[in-house]
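Single-letter residue listing:
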Amino acid sequence: MSSDTKIKLMQGNEACVEGAITAGMRFFAGYPITPSTEIAEISSQRLPRVGGKFIQMEDEIASMAAVIGASLTGLKSMTATSGPGFSLKQENLGYASMAEVPCVIVNVQRGGPSTGLPTSPSQGDVMQARWGTHGDHPIIALSPSSVKETYELTIEAFNYSEKYRVPVILLMDEVIAHMREKIEIPNINDLNIIDRKKPKAGLKNYNPYEVSDNELVPPMAAYGEGYRFHVTGLTHDETGFPSNDSNIASNLLSRLMNKIEKNIDAISLYEEYKLKDAEVALVAYGSTARSAKSAVDFCRNEGMKVGLFRPKTIWPFLEEQISELSKRVNKILVVEMNHGQYALEVERVASKNVNVEKMGKFNGELITPDEIYAKIKEV
Amino acid sequence: MTQTSELVKKYFRVDKLPHIWCPGCGHGILMRATVKAIDNLGLDKDKVCIVSGIGCSSRAPGYMDFNTLHTTHGRALAFATGIKMANPELEVIVITGDGDSAAIGGNHLIHAARRNINITTIVFNNNIYGMTGGQYSPTTPTGDRGTTAPYGNIDKNFDLCNLTKAAGATYVGRATAYHANLLTKLVEKGIENKGFSFVEAVSVCPTYYGRKNKKGDSVEMMKFLKNNAINIKAAEKMSNEKLMGKFLIGEFHNSQEPEYTSQYQKIIDMFQKER
C-alpha cells in the first residue's frame, strides 16, 4: 500500500458514488428506490462539494432523460435505480444507445417481477440489462462482487461509456450494495480516467455522427460550444438528422454494434479462481460469486477439483472465455439468484462441449456456500 | 423589422426545408413567431438550445439553427432540465405539443413549473394528435371528435395555462397562430423571465382536427381564432354572457420567484467558500 491511498470502511452504494465522482461524474439525476437509495442520498451530499449537480426528478423516466440532457451538455452523468425503476428507464436507455450519449445507469437489483421483494437480493435483471429496451442495440453491463470492486467497476463503467459513447449499466445486487467492507481508495493519479473524444478545434462543419476511417466512435461536442448540432432518437445520418434510407439505417446499426463487438477484448473483465486443474467449473457473478468461492475452497479441502469463473463483464457475453472453459472441464455449474438467466447464455456457448447445470434461487435469500457445495456433490 | 426571408436565412437550416407540416397547418407561423422573439432579443445562437419531444410540433427544432434535441415522447422537459442544470448559461426553449406536454409528459410539465427552472416552454396546441392521424388529445374540446372518439370526446379538456400557473410557473401566456405578433411578444417575455415560462400557442390543424369536426379549411379555422379569442385584459370588463364560448389570450401571469439553477448554485458556492 502506498502512502497516498486511503483506507475506509464503506458500503457498496457509497463506493459506487465515490468511484463515480473519481471518474468525473458531475451530474446525478434520480428517484429514490430501495435498495439503491443511498446512491442518490450520497450523491446529493457529495456532488455540490465538487462543483457538480444533483437533482431528484419526479420519476425514473425523467431521471434518465435529465442524465442524457446533461451528458449532451458536457457533464459525465449517472442515475441509479432498482428493478421497477430500471424498467421505467428503458426507453430512454435505448435513446442513449441510439444517440450515442455516454452515461452510467446503476441497477441495484431486487426481487421481482413487478414490485416483488423490495429489500431482498436478486440477480433477476440480467436479461433486462441486455434486452430491456426495444430494437437491436449495443450494451455494456458490469457486475461487482465486493465493495472495492464496486468502486473500481464504477470508474470502469464511466470509462467505457465515454470511450465508446454507450450507456453502461452497473448491475449490482442488494448484498454488495448494502455490505460494508474495508476499501483502499487509490490515489487518483494512479487511475486511468477516460474522457470522451472532442471534435478538432476550429472545425467549421461538425457532423456529430461522422467517423473517420477505421474509427467506430465519433468525437462528441457539447451543447453551447458553438457547433449547433442536432440530436434525435430517430435513425439518422452522420449529420445527426433523420433519414429513412435503408443503407444509412443498416450502416448506423452495424457501427453501433461493432463499436462493442470489435472492442470486446478491452471490455471483457473476469476472474478465474483455482480453475487451472479444475474438472468442475462454477460460473457465478456478483454476491453469488463470493459464496461460490467459499464452496470451491470447501471442495478443494476434500480433494475435489473445482474452480470458479467469475465474470465482471456481464454484457457483452464472455463468449470466447466460456467456450474455452467448456473445453477444459467436465462440467459447468452456473449459480445465480434467478431462474437461470445467465445460464442460458452459458448453455448456448458451452453445451456442445460440456454438460451445463444450473442452480438458481429466487426466494429473496442469498445462495450460501453450503448450498453450492451440496449441489456440486449432487452433480 | 426583420423580414421573414432574412429570418429564414439567419435562423433556419435552409437545407432541411420545406418542413413536413401539412398545407394549412399553423405550426409554421408559430415557429416563425418563436424565431422572431429570439431575433428581437438578439440572443447568441450558440447559447440557445431548443428541445422537443415527439409529434408534429416536435419536428420544429430540426429546422432551426441552434443547439437542438429531438427526444422521446413527452420527455422534452426532463431532457431540458438536465441541459439547463448542466449549463445554466444556455437559453433553453422547449417546443412541445398538447399530447406531448399534457398527456404523456404532464407530470414533467407540472414539476418543471414547480421547480421554477429557467426554461421557456411553448406548446404548439393543435387540439389533436396529428402525427398519429387524429386521435383526441387532452386539449380536444369535450364533444369533439377524433379517430379514437368516433362518438364525441367525453374527456374534459385541459386549460394548460391555469394548470402551469397553479403548479408554479412564473410566466404564463396564451396566443394563437392568428395572433402571431402577440405570440412573439409573449415568447420574448417568457425568455426574459428568470424562471419557468409557459406559453400556449393555439395552432390550427385542418387536416385532422378541422376535417373530423367540420371546422372548415385553414382560413376558416384562423377566422375562428380571430373571432373567439378575447384578450384577458378586455375580458375583465366583459359580462359572462359575452364571454360564453370565447377563450382568453394574453399575459396570464408574471411573477418573481427564486429560480432553480441559481438556487442550486448557491449550494455549490457555499462549499467553494469553505475551501
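As the structure is a computational prediction, the values presented were derived from the model and not from experiment. (Residues numbered from 1 in each chain as written. Chains lettered and ligands numbered in written order. Predicted model: local features only at pLDDT ≥ 70, side-chain atom pairs only at ≥ 80, totals over all residues. Heavy atoms only, no water.)

**What to know about helix α1 (residues 12-23) of chain A**
All names here are of chain A.
Step number 1: With 12 residues, α1 should reach 16 Å at 1.5 Å per residue; the first-to-last C-alpha distance of 16 Å fits that figure.
Step number 2: Taken across its 12 residues, α1 has 11 buried, putting it largely inside the fold.
Step number 3: Phi turns positive one or two residues past the end of α1, at Gly24, with a value near 110°. (Helix = DSSP H or I, 4+ residues; strand = E, 2+ residues; numbered from the N terminus. Expected span 1.5 Å × (residues − 1). Buried < 20%, exposed > 50% of the residue type's maximum accessible area, 1.4 Å probe, protein only.)

**As for the packing of helix α1 (residues 4-11) of chain B against helix α2 (residues 27-41) of chain B**
Residue and element names in this part refer to chain B.
Step number 1: Interhelical geometry of α1 versus α2 gives an angle of 80° and a closest axis separation of 11 Å. One way to sum up the angle between α1 and α2 is to call them roughly perpendicular. Contact residues: α1 offers Thr4, Leu7, Lys10 and Tyr11, while α2 offers Arg32, Val35, Lys36, Ile38 and Asp39.
Step number 2: Split into classes, the residues belonging to the contact of α1 with α2 amount to four nonpolar, one polar and four charged. (Axes fitted to C-alpha atoms, helices over the stretch in contact; angles between N-to-C directions. Parallel < 35°, antiparallel > 145°, perpendicular 65-115°, else oblique. Contact = heavy atoms within 4.5 Å. Nonpolar A, V, L, I, M, F, W, Y, C, P; charged D, E, K, R; others polar.)

**Considering the pattern of salt bridges**
Step number 1: Considering all chains together, one arrives at 34 salt bridges over all chains under this definition.
Step number 2: The closest approach of N and O atoms between A:Glu371 and A:Lys361, which form a salt bridge, is 2.9 Å. On the criterion of sequence distance, the pair formed by A:Glu371 in helix α13 (residues 369-378) and A:Lys361 in the loop between β15 (355-360) and α13 is long-range, its members being 10 residues apart.
Step number 3: The closest approach of N and O atoms between B:Lys189 and B:Glu251, which form a salt bridge, is 2.7 Å. Highlighted residues: B:Lys189 in helix α8 (residues 180-192) and B:Glu251 in strand β10 (residues 247-254), separated in sequence by 62 residues.
Step number 4: Note on B:Lys189: relative accessible area 32%, which makes it partly exposed.
Step number 5: You can call B:Glu251 partly exposed: its relative accessible area is 32%.
Step number 6: Bridged by salt links that share partners, the residues A:Glu149, A:Glu271, A:Lys293, A:Arg310 and A:Lys312 form one connected network. (Salt bridge = Lys/Arg side-chain N within 4 Å of Asp/Glu carboxyl O.)

**Overview of the domain arrangement of chain A**
Residue and element names in this part refer to chain A.
Step number 1: Domain assignment breaks chain A into domain 1 (6-190) and domain 2 (269-378).
Step number 2: In this structure, domain 1 and domain 2 have C-alpha centres spaced 26 Å apart.
Step number 3: At the junction of the two partners, domain 1 supplies 28 residues and domain 2 supplies 25 residues.
Step number 4: With both sides pooled, the region where domain 1 packs onto domain 2 buries about 2,000 Å², and carbon together with sulfur makes up 57% of that total.
Step number 5: Along the contact surface separating domain 1 from domain 2 lie three salt bridges.
Step number 6: The partner of Glu149 in a salt bridge is Lys312, and the shortest N-O contact between them spans 3.6 Å.
Step number 7: The interface formed by domain 1 and domain 2 includes 17 residue pairs in polar contact (both at pLDDT 80 or more).
Step number 8: Within the residue set of the side of domain 1 that touches domain 2, elements represented by two or more residues are α5 (126-131), β6 (140-142), α6 (147-164) and α7 (174-178). (Domains from an automatic or database assignment. Buried area = accessible area lost by both parts, 1.4 Å probe. Polar contact = N/O pair within 3.5 Å; in protein donor to acceptor, adjacent residues only side chain to side chain.)

**A closer look at the sheet that holds strand β12 (residues 306-311) of chain A**
Residue and element names in this part refer to chain A.
Step number 1: Strand order in the open sheet made by the five strands is β10-β12-β11-β14-β15, with mixed pairing throughout. The sheet terminates laterally at β10 (270-273) and β15, the two strands that pair on one side only. Direction aside, the axes of adjacent strands within the sheet are offset by 20° on average.
Step number 2: Relative to β12, strand β11 (residues 280-283) runs parallel, the two sharing four bridges. (Pairing = 2+ DSSP bridges.)

**Digging into the sheet that holds strand β3 (residues 53-56) of chain A**
Residue and element names in this part refer to chain A.
Step number 1: Taken in spatial order, the seven strands make up an open sheet running β3-β2-β4-β5-β7-β6-β13, and their pairing is mixed. The sheet terminates laterally at β3 and β13 (313-315), the two strands that pair on one side only. Between one strand axis and the next, the sheet turns through 25° on average, direction left out of account.
Step number 2: Strands β2 (25-30), β3, β4 (76-81) and β5 (103-109) of the sheet are contacted by helix α2 (residues 37-46), whose axis makes an angle of about 135° with β2.

**Brief notes about the interface of chain A and chain B**
Step number 1: At the interface, 39 residues of chain A touch 41 residues of chain B.
Step number 2: Roughly 3,300 Å² is buried in total at the junction of chain A and chain B, and carbon and sulfur atoms are behind 58% of that figure.
Step number 3: When the area that chain A buries against chain B is broken down by residue, the three leading residues are A:Lys53, A:Glu58 and A:Arg228, summing to 22%.
Step number 4: Seen at the junction of chain A and chain B, the total is three salt bridges.
Step number 5: Between A:Arg228 and B:Asp65 there is a salt bridge whose closest N-O contact spans 3.1 Å.
Step number 6: In this structure, the connection of chain A to chain B is made through 18 residue pairs in polar contact (both at pLDDT 80 or more).
Step number 7: A per-element tally of the side of chain A that touches chain B places helix α3 (residues 60-72) of chain A first, with eight residues.
Step number 8: Tallied by class, the residues present in the side of chain A that touches chain B amount to 21 nonpolar, 12 polar and six charged.
Step number 9: One ladder, built from three bridges, connects strand β9 (residues 230-232) of chain A with strand β2 (residues 67-70) of chain B; its direction is parallel.

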